[in-house]
Amino acid sequence: MGTVVVKDGSQKQMWIPETKLEAKMVEAMQRREAEGCTIKSFNSLILKFPKIDENLRKCKDIFEEFDEDSNDTIDQEELRKCFQKLGISFTEEDINDLFEACDINDDMVINFNEFIVLLCIVYLLKDDPASLHAKSRMGLPNLEATFETLVDAFVFLDKNKDGYVSKNETVQAINESGERSSGRIAMKRFEEMDWDKNGTVNFKEFLFAFTRWVGIDDDNEGIDDDKEDDEEEDED
């Protein structure tokens, strides 16, 4: 994920994207942040979890359309063919970066919850009028409200509008609920989002955490196992 740069004579940190895809996500998110946020509290977001879970599971039909060999995963060639068929104008580099970014457990295929993250990133990046036809053919308009909620949730957390969410921003956002245990909850939520443990969260990391929060990740224990193994290695 992005690397940190500390400006001379200042304690202010500026996160530098490590890939072109991450840079595009940050730029797209900052454009959305300029439009404002409809979510007013983390509790109001939690209340939406059941409906979000229900709507995201409707992506299964799209997933099966992409999964040409019906093996419950999408490989890079299947993704490339379907993007071509749908008229989504990603470059070869974009497709490679997108696939690599969403293949969180590095098994060279995209499973269902990784596919949901991929779809939401595509939705964020392809918000120009020329892409509306491709979105319609993918079935995304039916999921537009859900994807907008996910974008809004990130905007709500990103208080300084720099395209990343820090630990302090997470604590601030969740503390606004006014609950006694909100500080502890905020720390737990941030740890769940900060996959690479570098102290900041981009939109992709947030999406992976969100699929777990609403229950989409229940059938993808391999990701949990991989993460636990990494944590055990870190402790060693």
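Keep in mind the model is a prediction, meaning the values are calculated, not measured.

1. Notes on the state of the cysteines
For the coordinates displayed, the defined rule picks out zero disulfides. A disulfide-free cysteine, Cys59 has its sulfur positioned 9.0 Å from the sulfur of Cys120, the nearest such atom.

2. Things to note about the pattern of salt bridges
In total, this model carries 10 salt bridges according to the counting rule given. Overlapping salt bridges bring together Arg32, Glu35 and Glu148 as one network.

3. Quick notes on the packing of aromatic side chains
One pass over the full model with this rule turns up 14 aromatic pairs. Taking 6.0 Å as the distance between ring centres and 65° as the angle between the ring planes, the aromatic pair formed by Trp195 and Phe208 counts as edge-to-face. Residue Trp195 is found in the loop between helix 11 (182-193) and strand 4 (200-201), and its partner Phe208 is found in helix 12 (residues 203-214); the two are separated by 13 residues along the sequence. Taken individually, Trp195 and Phe208 each receive the classification buried, so the pair is uniform in this respect. Members of the aromatic cluster, connected to one another through ring pairs, are Phe42, Phe49, Phe154, Phe203, Phe206, Phe210 and Trp213. Positioned over the ring face of Phe112 is Lys60, at 4.7 Å from the centre of the ring. One residue, Lys159, lies across the ring of Phe156, its end atom 4.1 Å from the ring centre.

4. Quick notes on the nonpolar core
Residues Phe66, Phe83, Leu98, Met193, Phe203, Phe206 and Phe210 are the most contacted members of the largest nonpolar core, which totals 66 residues. Considering each element in turn, this core owes the most residues, 12 residues, to helix 7 (residues 112-125). Dropping the residues within four chain positions of it, Met193 is found in contact with Leu157, Val165, Thr170, Val201, Glu205, Phe206, Ala209 and Trp213.

5. As for the environment of Ala186
With respect to the helices and strands, the residue Ala186 is situated in helix 11. Among all residues touching Ala186, those that are not within four sequence positions of it are Thr170, Val171 and Ile174.

6. What to know about the UniProt feature "domain: EF-hand" (unreviewed entry) in the protein chain
Taking the UniProt record as the reference, the feature "domain: EF-hand" (unreviewed entry) is found at residues 54-89, 90-125, 145-180 and 181-216. The distance separating the terminal C-alpha atoms of residues 54-89 is 29 Å; by composition the span is 58% helix and 0% strand. In the segment residues 90-125, helix accounts for 69% and strand for 0%; the C-alpha atoms at its two ends are 10 Å apart.

7. Quick notes on helix 9 (residues 144-157)
Over its 14 residues, helix 9 runs 20 Å from end to end, which matches the ideal 20 Å to within 8%, given 1.5 Å per residue. In terms of residue burial, helix 9 counts as a mostly covered element, since 11 of its 14 residues are buried. Along helix 9, the residues that are buried comprise Thr146, Phe147, Thr149, Leu150, Val151, Asp152, Ala153, Phe154, Val155, Phe156 and Leu157.

Rules used throughout
- Residues numbered from 1 in each chain as written.
- Predicted model: local features only at pLDDT ≥ 70, side-chain atom pairs only at ≥ 80, totals over all residues.
- Heavy atoms only, no water.
- Disulfide = S-S within 2.5 Å.
- Salt bridge = Lys/Arg side-chain N within 4 Å of Asp/Glu carboxyl O.
- Phe/Tyr/Trp six-rings, centres within 6.5 Å; stacked < 30°, edge-to-face > 60°.
- Helix = DSSP H or I, 4+ residues; strand = E, 2+ residues; numbered from the N terminus.
- Buried < 20%, exposed > 50% of the residue type's maximum accessible area, 1.4 Å probe, protein only.
- Lys NZ or Arg CZ within 6 Å of the ring centre and 35° of its normal.
- Core = buried A, V, L, I, M, F, W, Y, C linked by side-chain atoms within 4.5 Å.
- Contact = heavy atoms within 4.5 Å.
- UniProt positions renumbered as here; feature names shortened; annotations may be inferred.
- Expected span 1.5 Å × (residues − 1).

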